[in-house]
Amino acid sequence: MRKKIVAGNWKMNMNLEEGLSFAKTINQYFDEKPSQKTEVILCTPYIHLNGVSEIVKKGKVALGAQNCASEDSGAFTGEISAGMIKSTGAQYVIIGHSERRTYYHENDALLNKKTLLAVNNGLKVIFCCGEVKEERESGKHLDVVRRQLQDGLFSLSGSDMSKIVIAYEPVWAIGTGLTATPEQAQDMHHYIRGLVKEKYGREIAEDLTILYGGSCKPSNAAEIFSKPDVDGGLIGGASLKKEDFVAIVEAI
Ligand code: PGA
């Protein structure tokens, strides 16, 4: 059965105290909702992982990082490895977010390395893909996403592919207030599922969770999530406010 997921991507927000306090609030809210079926993931900055892990340990909320190093260990000053993330108790890591691709020049080959390291260290990966505005306007969006998946992800074995969640995030919609229409999201998600089916077969494609991300908010979440190939969301700005985040989770 395909899992429904809503993941909050805190990005570079909240100091340690604020983050732990916010995680407590979110965890408590969902603990009091035993019927809640959607998996809720908090993707926090590295410094919060250990503390949030303690908070969500017995609860229903899962934990993820927003990036990991492209090497396993060693002399890479300032980097955090997939194994270190795993050791905090986190289960997920976001790889390939467009902010990493753009600001830190992470290309498909590097993201492929990170993905393999994450999976080999027992993490599940939320692998992001998506086109920029000019690529959408010139009709190249499908080709761009196909290349990102082929070069970043499709070297994985079938059993590793089942540890992947794909997030489609049109770059022109991230933090801009512009959202893909439910039809644009559905078309791309359907295309992505088709690519996975071609490569890995029907069962893996049908079980794959594909999230939409990009200015998802309480007012548009239900409509986007109602599409058959949209299995939840990766939420940036709206994941920083309890009311908004909870409303998005409950929109599924
Ligand atoms: P946004 O960000 O919801 O603030 O547009 C989404 C994301 O970057 O994951």
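These numbers were taken from a predicted model, which means no experiment stands behind them.

A few points about the side chain of Thr115
With respect to the helices and strands, the residue Thr115 is situated in helix α5 (residues 108-120). Not counting residues up to four positions away in its chain, the partners in contact with Thr115 are Ile95, Val125, Phe127, Gly152, Leu153, Leu156 and Ile164.

Let's talk about helix α11 (residues 218-225)
All of the buried residues along α11 are Asn220, Ala221, Ile224 and Phe225. Down the axis of α11, the buried set is contained in an arc of 125°. They therefore lie on one face. When the buried face of α11 is taken as reference, the exposed residues oriented beyond 90 degrees from it are Ser219 and Glu223. If you follow the buried residues of α11, they end up packed against β1 (5-9), α9 (182-200), β7 (210-213), β8 (232-235) and α12 (242-250).

Focus on the nonpolar core
Counting 62 residues, the largest nonpolar core has Val93, Leu149, Leu153, Met161, Ile164, Ile166 and Ile192 as the members making the most contacts within it. The greatest single-element share of this core, amounting to six residues, is contributed by α9. With residues near it in sequence (within four places) discarded, Ile166 still touches Phe127, Cys129, Leu149, Leu153, Met161, Ile192, Val196, Leu208, Thr209, Ile210 and Leu211. Ile41, Ile126, Leu211 and Leu234 belong to the second-largest nonpolar core, a separate cluster that totals 13 residues.

Looking at the site of the ligand
Around the ligand, the structure places 13 residues, and the nearest of them are Lys11, His97, Glu169, Gly175 and Ser215. Within the side chain of His97, an N or O atom sits 2.6 Å from an oxygen atom of the ligand. Between an oxygen atom of the ligand and a main-chain N or O atom of Gly236, the distance comes to 2.9 Å. Coverage of the ligand by the protein amounts to 95% of the 290 Å² it exposes when considered alone. Of the residues contributing to the shell around the ligand, the split by class is four nonpolar, seven polar and two charged.

Structural notes on the pairing of β1
Across the five residues of β1, five count as buried, placing the element largely inside the fold. What you see with β1 is no split at all: Ile5, Ala7 and Asn9 on one side and Val6 and Gly8 on the other are buried throughout. Taken together, the five bridges between β1 and strand β2 (residues 39-43) define a ladder with parallel strand orientation. Within β2, the residue paired with Ile5 across the bridge is Glu39. Note that the unit made of β1, helix α1 (residues 16-31) and β2 has a crossover that is right-handed. Where β1 meets β8, four bridges bridge the pair, whose relative direction is parallel. Residue pairing for β8: Val6 is matched across the bridge by Gly233.

Remarks on the packing of aromatic side chains
Scanning the model with the defined rule gives four aromatic pairs in all. Taking 5.6 Å as the distance between ring centres and 85° as the angle between the ring planes, the aromatic pair formed by Phe154 and Tyr200 counts as edge-to-face. Taken together, the residues span a long stretch of sequence, with Phe154 in the loop between α7 (141-152) and α8 (158-161) and Tyr200 in helix α9 at a distance of 46 residues. An identical accessibility class is assigned to Phe154 and Tyr200; each is buried. Geometry around Tyr104 places Arg100 over its ring, the cationic atom sitting 4.1 Å from the centre.

Definitions and limits used
- Residues numbered from 1 in each chain as written.
- Predicted model: local features only at pLDDT ≥ 70, side-chain atom pairs only at ≥ 80, totals over all residues.
- Heavy atoms only, no water.
- Helix = DSSP H or I, 4+ residues; strand = E, 2+ residues; numbered from the N terminus.
- Contact = heavy atoms within 4.5 Å.
- Buried < 20%, exposed > 50% of the residue type's maximum accessible area, 1.4 Å probe, protein only.
- Arc of directions from axis to C-beta.
- Core = buried A, V, L, I, M, F, W, Y, C linked by side-chain atoms within 4.5 Å.
- Near = heavy atom within 4 Å.
- Polar contact = N/O pair within 3.5 Å; in protein donor to acceptor, adjacent residues only side chain to side chain.
- Areas by Shrake-Rupley, 256 points an atom, 1.4 Å probe, with all protein chains shown as cover.
- Nonpolar A, V, L, I, M, F, W, Y, C, P; charged D, E, K, R; others polar.
- Pairing = 2+ DSSP bridges.
- Right-handed = clockwise from strand over helix to strand, strands pointing away.
- Phe/Tyr/Trp six-rings, centres within 6.5 Å; stacked < 30°, edge-to-face > 60°.
- Lys NZ or Arg CZ within 6 Å of the ring centre and 35° of its normal.

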